[in-house]
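Below, each chain spelled out in residue letters.
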Amino acid sequence: ERLLNMFLDRESGFGERFHAAADDPPLPQRLAHDLKGEAATLGVESVRTAAEEYVYALKDHPALFAGHCGDILHAIAAHGEIRRDRIRAVRSGGG
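Since this is a predicted model, take the numbers as computed values, not measurements. (Residues numbered from 1 in each chain as written. Predicted model: local features only at pLDDT ≥ 70, side-chain atom pairs only at ≥ 80, totals over all residues. Heavy atoms only, no water.)

Q: For this particular structure, what's the right way to read the overall build of the protein chain?
A: Scanning the protein chain for helices and strands turns up 6 helices and 0 strands. If you list the helices and strands of the protein chain from N to C, you get α-α-α-α-α-α. The proportion of buried residues among the 95 residues of the protein chain is 35%. Across the protein chain, contacts joining residues at least 24 apart in sequence account for 58% of those joining residues at least 6 apart. Counting every atom, the protein chain has about 5,900 Å² of accessible surface; 55% of that belongs to carbon and sulfur. (Helix = DSSP H or I, 4+ residues; strand = E, 2+ residues; numbered from the N terminus. Buried < 20%, exposed > 50% of the residue type's maximum accessible area, 1.4 Å probe, protein only. Contact = heavy atoms within 4.5 Å. Areas by Shrake-Rupley, 256 points an atom, 1.4 Å probe, with all protein chains shown as cover.)

Q: Please clarify how a nonpolar patch on the surface should be interpreted in this entry.
A: A cluster of nonpolar residues, L3, M6 and L42, forms a patch on the protein surface that exposes about 260 Å² of accessible area. Within the element layout of this structure, L3 appears in helix α1 (residues 2–11). (Patch = residues over 30% accessible without salt bridge, like charges linked within 9 Å, V, L, I, M, F, W, Y side chains within 5 Å. Salt bridge = Lys/Arg side-chain N within 4 Å of Asp/Glu carboxyl O.)

Q: Would you explain the packing of helix α3 (residues 26–42) against helix α4 (residues 45–60) in this entry?
A: To characterise two packed helices, one gives the angle between the axes of the helices and the distance between these axes. Running from N to C, α3 and α4 cross one another at 155°; their axes reach a closest spacing of 8 Å. When the axis of α3 is compared with that of α4, the two are roughly antiparallel. Where α3 crosses over α4, the handedness of that crossing is left-handed. Residues P28, Q29, A32, H33, L35, K36, A39 and A40 of α3 form the contact with α4, whose own contacting residues are V47, R48, A51, E52, Y54, V55, L58 and K59. (Axes fitted to C-alpha atoms, helices over the stretch in contact; angles between N-to-C directions. Parallel < 35°, antiparallel > 145°, perpendicular 65-115°, else oblique. Left-handed = near helix turned anticlockwise from the far one by under 90°.)

Structure below.
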């Protein structure tokens, strides 16, 4: 649980890093690839799937997708909300 929370905290800044990397064509793909691997290791499937889609999209069309990472950010935020809800339920005795 601690590792997953650290992952979610760290990756909440993914959008800023991704947008800042837009001028360096290989970097956005590398960021998405690293995120995909970390998410897979931690079992965060929604983030892994979104990041994997970006890895392939950036490989085929780097200029088109480099500045856009909304799906990844949405998956990170959604997973973070699910985790916070579960933690609240456990702490209140509901789970």
